[in-house]
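Survey of secondary and tertiary structure
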Amino acid sequence: MRLFVGLAPPPAVLDDLDGACAPFRPLRDDLRWTSRDAWHITLAFLGEVTDLSLTRLLPRLERAARRHQPFSLNLAGAGAFPGAARANVLWSGLKGDRRALGELAASVTAAARRAGAAPPDSGRRYQPHLTLARCRAPADVRTIVDGLEGYAGPQWPAEEIYLIRSLPGGQPRYETLGTWKLRC
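1. Comments concerning the nonpolar core
Of all hydrophobic cores here, the largest spans 55 residues; its most connected members are Leu-7 and Ile-161. For this core, the element with the most residues is helix α3 (residues 98-114), which contributes seven residues. Discounting residues that sit within four places of it in the chain, Ile-161 has contacts with Val-5, Gly-6, Leu-7, Leu-43, Leu-61, Ala-65, Leu-104, Val-108, Gly-178, Thr-179, Trp-180 and Leu-182.

2. Examining the pattern of salt bridges
Enumeration according to the criterion identifies eight salt bridges in this entry. Asp-30 serves as the salt-bridge partner of Arg-28, at 2.9 Å between the closest nitrogen and oxygen. Look at Arg-28 and you get buried, because its relative accessible area is 16%. Across the salt bridge formed by Glu-103 and Arg-99, the nearest N and O atoms sit 3.2 Å from each other. A residue pair is termed a helical-turn pair when its members lie 3 or 4 positions apart in one helix, as Glu-103 and Arg-99 do in helix α3 at four residues.

3. Digging into the layout of surface pockets
As a volume, the largest pocket reaches approximately 1200 Å³. Lining the largest pocket are 40 residues, with Thr-42, Phe-45, Asp-121, His-129 and Arg-134 sitting closest to its centre. For the lining of the largest pocket, a count of residues per class yields 21 nonpolar, 13 polar and six charged. The computed volume of the second largest pocket comes to approximately 180 Å³. Lining the second largest pocket are 13 residues, with Ala-8, Asp-37, Trp-39, His-40 and Ile-164 sitting closest to its centre. Among the elements that take part in the lining of the second largest pocket, strand β9 (residues 173-181) stands out by supplying three residues, more than any other. For the lining of the second largest pocket, the class distribution of residues is eight nonpolar, two polar and three charged.

4. Remarks on the sheet that holds strand β3 (residues 41-48)
Sheet strands associate in pairs through backbone hydrogen bonding, adopting either a parallel or an antiparallel arrangement. Taken together, the four strands give an open sheet; going across it, the order is β3-β1-β8-β9, and neighbouring strands pair in antiparallel fashion. Edge strands, defined here as strands with exactly one partner in the open sheet, are β3 and β9. For this sheet, the mean inter-axis angle between neighbouring strands, taken without regard to orientation, is 20°. Relative to the sheet, α3 contacts β1 (2-7), β3 and β8 (160-167), its axis offset from that of β3 by approximately 15°.

Conventions and cut-offs
- Residues numbered from 1 in each chain as written.
- Predicted model: local features only at pLDDT ≥ 70, side-chain atom pairs only at ≥ 80, totals over all residues.
- Heavy atoms only, no water.
- Core = buried A, V, L, I, M, F, W, Y, C linked by side-chain atoms within 4.5 Å.
- Buried < 20%, exposed > 50% of the residue type's maximum accessible area, 1.4 Å probe, protein only.
- Helix = DSSP H or I, 4+ residues; strand = E, 2+ residues; numbered from the N terminus.
- Contact = heavy atoms within 4.5 Å.
- Salt bridge = Lys/Arg side-chain N within 4 Å of Asp/Glu carboxyl O.
- 1 Å grid on protein atoms, 1.4 Å probe; cavity = no way out; pocket = protein on both sides within 12 Å on 5 of 7 lines; lining within 4 Å.
- Points joined across faces, edges and corners; volume = space filled by probe spheres on them.
- Nonpolar A, V, L, I, M, F, W, Y, C, P; charged D, E, K, R; others polar.
- Pairing = 2+ DSSP bridges.
- Axes fitted to C-alpha atoms, helices over the stretch in contact; angles between N-to-C directions.

As structure tokens, then:
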């Protein structure tokens, strides 16, 4: 199973971001815009996970979630990987308690490693974002990044983590396998 652990912004937050992105979509049919129901913030991409590792992972994610208090975030601005002039991915960034977000991501990564599902990219620096679009070929998205530069979405409380299975096929489709509340 191909899995990741993430956060799901609430519907009102997604509505706001959707409205901010709407003017750009018809202008850029060369981008594969991510559907709104697939929007999330990845804490840890786990890749292919065996059934045994999944069994070990579930209680560890519950413990990781209980170690953290809820914290506030908001979606803000835009950027691109590796850069806006030759982008593969267009994203919205995050503001708010990024330190708490980074600590939660580190706990989730450690839980996955102990369960035998070490993230393949665990050596990289964590760069929280929400993917807006993927580029079929490197694309210049500077106009969109500039247009969303001042975007600041509503603040929302990050209160729960999700273990999500990525289903094979064209557009990203996801199935939630588990949710755990952060310590209240």
